[in-house]
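Overview (structure and organization)
If you want the building blocks of each chain, they are given just below.
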Amino acid sequence: MDFEGLLGVRRRAAREELAETVRALAAQQEPHSKAIPMAPLHAFYEPRLYSQLVLGGFPSMTADQLLLAATPGEETAFSVLTDDEGVIHLPGLGRYATEHRSGALSVHRVPETGALELEGGDETYAIEPAGFVPGTRIELAERLDPLLRTFLEMYIDEPEKLTVVSDGSVYLPQIGRALEVIAAVSPGYHQALVESLRAVLLFRHPTAESFAALGMHGMIFLNVPEGASADYFVEELVHQGGHVLFSEATLHRGDFFRVDPESALSEIIGQEDPRNVYDAFHGLFTEHMEYQIVLGALDDGPVLADERPSFEEHLRSVAARHQRDLRLIEPHADKVFTELGNEVFTAFQQTYEQAARSHPGLFGGPTDAEELLRELIAIPSVNPLLPGSEGVPDERDMAAFVAERLRTAGVEVHTQEISAGRCNVIARLPRAGEADDNVVLLSAHMDTYPAGGPRAAYEPVGDGRTLYGRGSADAKGSLAAMMTAFLQAAAEPNRREAYLAATVDEECLLRGVRGLAAHGMRPTLGITGEPTLLAPVAAQKGIVRGTFLVSGPPCHAAYPADVTAVSCAAELVGAVGRLNTTLGARPGHSSLGSPTVTVTRLDSSGGMNLSAAEVTVAFDARFLPGTTGEEFATSMESDLRELLPTHVDFTLQPLAFVSPPNEASSSDPLVAEFYAVVRDVAGTCEPEAFAYGSEAGVLAEFCRASLVFGPGDARCSHAETEGVELGQLTAATEIYRSILLGVQP
């Protein structure tokens, strides 16, 4: 998009309008200021002045003090305030240390030295000059002056955890290099940034994102990681600086929107989204400029060879976000935008489509599983049958994202509707090169439980070692690793025939994986992704859930009966305990132990003083390989009748849910190969068994062998803290890739 041509005139006009507005506010609020009538118009771009006047509540500096760096009148006395350490801050000029703590002083500046002299006194204060980004007038703030501290306390959660990078000058080479890259790609955008950015503050905080806020217009705040390189600053200067530029260009919002710009985006697009319409428009612009600049840097040569991987990774990430936002808004564009707004939005679309056609390899999505997992976590995909799912999107947005990401990479994809709007995504890679004729299926479910605490939300949170978020372990970590491995394998000259399935409804009824059986694929090995701490799970119990209906004569509590449905239900519950003892005494499975039956709920139609005629006893039974859920339920009913007296009248109701058991033999060649790959990549391979539910039993019905395997810990599933260690995510990706390629260790 031609930013200067489409929005540049508006941006420059808006800057003058903003400066005139701030000048008028300053004169109105401090009519006796000597600096205001003397300062040139550009002085009123000062971010701290804008914040103090527009937001209010910042009594830490006078207008004189905020404008003093831009006023030439050294003979004029100016009013300034000192902070609680006795320091006078002159934004854009520097700092002066005095002995007057939290006081008001009248001073004038000595132009030859920059010193401040106390009016009517004999004190002179030497300046500690402000630092600037080389070649610009962008101040590098390395200390929180009182106004910045107050602003950040209002803007950032847990501000006490924030620390300013006091040696920010160590990053000046990287910032300078970033500006060189931007200037080489887009001189106009570079010039706009240099004009509009007045200050940069580098900080560190465990959760806060980098930001640019209207309340400190012209200043950006970057949460800079240790060792940040030039690619980081290219991203942030274009992104956060872009917010400043776009705020200027869209100062008159009514020129762009038919709807209230503050309207919730979710009300427009019909699905959950935390942004308002204007914020989403802002996001489209900054995403657009980020990939434009990064792509230009890669194409035009200013990026060094050792910088290319990080620039390419960032390009894939931001392009994927941009594509998703374009597709969210495109169906509603005519409703949202005026003719001018639509012109800008169309420019975003056209530029993206042209770039994607020209660079399909770079716009095919991230090859990095961590970045992909972040994107997956950020798309809510809650099973709609679960409590707390009301108002939260189900798997359909996730399925659309997965399908589009795979299609964009040139992979054959189709969707399989399981229930209204809820679809499996099935991708296929044909056999290539000298690979053998084994067929591998990688399958992971998309549905999750509703969000929990801050580390089980729909926003990814990382601490450098672990990535947290709802679904990160169960089972989006597996899905991200599988998708990454699948796309990597797609580029290899030798690979096995393979399928990738992203399924719905694992958390409730297994309808998605049951639908795969009707697809017609017949894999040699099926691997279902679940958090197993990188241990292959070769055996698991089956699950059967159902109810017994216990009957008995109703009676009033005033005339109790010896036998009632309730007393019979109590006897049935006791018999279940004895049945577990009996089952435990029989020969069991070497890894899974014995079958078990658990009573999970009792329901009745009884009242406070009326004994029920019927009691429903719900159960969850875990049974062993070698039998079916129906067979085990029938056997369980028979055993219970032998354990109960004849007066206990109960019947087994139609079963509510059955999940088949699974057992894979290590003698199966592909299972043995998978174990060898796990050992080679992870350093150890100890196949395990579990009594949890998974899709593996259903896969075993149409795969020669079925395993459960993935990154993460099952104990985190559905919990208030859910995360995946990034080392496990990387290892899982390599293991999946290896089995797709037929790589022997």
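Values in this document were obtained by computation on a predicted structure and should not be read as measured data.

Let's shift gears to the pairing of strand β14 (residues 412-419). Residues in a regular strand point their side chains to alternate faces of the sheet. Judged from the seven bridges that link them, β14 and strand β15 (residues 422-429) form a sheet pairing that is antiparallel. Paired with Val413 across the strands is Ala427, a residue of β15. The antiparallel hairpin formed by β14 and β15 contains two residues in its connecting segment, where Gly421 sits at a positive phi of about 80°.

All right, on to the packing of aromatic side chains then. Inspection of the entire model under this criterion finds 23 aromatic pairs. Aromatic side chains Phe151 and Tyr155 sit 5.7 Å apart centroid to centroid with 10° between the ring planes, which places their arrangement in the stacked category. Residue Phe151 and its partner Tyr155 are both found in helix α5 (residues 146-155); the two are separated by four residues, about one turn of the helix. Overall, Tyr155 belongs to the partly exposed group, its relative accessible area being 42%. Aromatic side chains Phe246 and Phe285 sit 4.5 Å apart centroid to centroid with 10° between the ring planes, which places their arrangement in the stacked category. Of this pair, Phe246 sits in helix α8 (residues 230-249) while Phe285 is found in helix α10 (residues 277-300), placing the two residues 39 residues apart along the sequence. A relative accessible area of 0% places Phe246 in the buried class.

Looking now at the layout of surface pockets. Volume-wise, the second largest pocket comes out at about 410 Å³. Around the second largest pocket, the lining comprises 20 residues; the ones closest to its centre are Glu506, Glu507, Tyr692, Gly693 and His718. Grouping the constituent residues of the lining of the second largest pocket by class yields nine nonpolar, five polar and six charged.

What follows deals with the pattern of salt bridges. Tallying each qualifying case throughout the model produces 38 salt bridges. Across the salt bridge formed by Arg15 and Glu248, the nearest N and O atoms sit 3.1 Å from each other. Of the two residues, Arg15 is situated in helix α1 (residues 3-29) and Glu248 in helix α8; the sequence distance between them amounts to 233 residues. Of the two residues, Arg15 and Glu248, both sit in the buried class. A salt bridge links Arg48 to Glu139, with the nearest nitrogen and oxygen atoms 3.7 Å apart. Here the residue Arg48 occupies a position in helix α3 (residues 47-54), and Glu139 occupies one in strand β9 (residues 139-141), the gap between them amounting to 91 residues. By relative accessible area, which is 9% here, Glu139 ends up buried. When salt bridges with common partners are traced through the structure, they connect Arg11, Arg15, Glu195 and Glu248 into a single cluster.

Once that is clear, we can look at the sheet that holds strand β17 (residues 461-462). Consider a sheet: its strands pair through backbone hydrogen bonds, and that pairing is either parallel or antiparallel. The three strands are arranged β17-β18-β32 in an open sheet whose pairing can be described as antiparallel. The open sheet is flanked by β17 and β32 (723-725), the only strands paired with a single partner. Pairing between β17 and strand β18 (residues 466-468): two bridges, direction antiparallel. Across the sheet, Gly462 pairs through a bridge with Leu467, a residue of β18. Taken strand by strand, helix α14 (residues 369-377) contacts β17 and β18, and its axis lies near 15° from that of β18. Across the face of the sheet, helix α22 (residues 726-741) comes into contact with β18 and β32 while running at roughly 70° to β32.

So, on to the nonpolar core. Membership of the largest hydrophobic core comes to 71 residues, with the highest contact counts inside it found for Tyr189, Leu202, Phe233, Val234, Leu237 and Phe281. If one sorts the elements of this core by residue count, α10 sits on top with 13 residues. Ile377, Val402, Ala403 and Leu707 belong to the second-largest nonpolar core, a separate cluster that totals 61 residues.

If you walk across this open sheet you meet the four strands as β1-β4-β5-β6, and the pairing is antiparallel. Each of the sheet's edge strands pairs with one partner strand only, and the pair in question is β1 (78-81) and β6 (124-125). Bridge count between β1 and strand β4 (residues 104-109): four bridges; the pairing is antiparallel. Bridge pairing in β4 links Phe78 to Val107.

Ala475 follows Asp474 through a cis peptide bond whose omega is -5°. The phi torsion at Leu533 lies on the positive side, around 60°, for a residue other than glycine. Looking at the element boundaries, Leu533 is found in the loop between β20 (525-528) and β21 (537-540). Note on Leu533: relative accessible area 44%, which makes it partly exposed.

Cut-offs and rules
Residues numbered from 1 in each chain as written. Predicted model: local features only at pLDDT ≥ 70, side-chain atom pairs only at ≥ 80, totals over all residues. Heavy atoms only, no water. Pairing = 2+ DSSP bridges. Helix = DSSP H or I, 4+ residues; strand = E, 2+ residues; numbered from the N terminus. Phe/Tyr/Trp six-rings, centres within 6.5 Å; stacked < 30°, edge-to-face > 60°. Buried < 20%, exposed > 50% of the residue type's maximum accessible area, 1.4 Å probe, protein only. 1 Å grid on protein atoms, 1.4 Å probe; cavity = no way out; pocket = protein on both sides within 12 Å on 5 of 7 lines; lining within 4 Å. Points joined across faces, edges and corners; volume = space filled by probe spheres on them. Nonpolar A, V, L, I, M, F, W, Y, C, P; charged D, E, K, R; others polar. Salt bridge = Lys/Arg side-chain N within 4 Å of Asp/Glu carboxyl O. Contact = heavy atoms within 4.5 Å. Axes fitted to C-alpha atoms, helices over the stretch in contact; angles between N-to-C directions. Core = buried A, V, L, I, M, F, W, Y, C linked by side-chain atoms within 4.5 Å.

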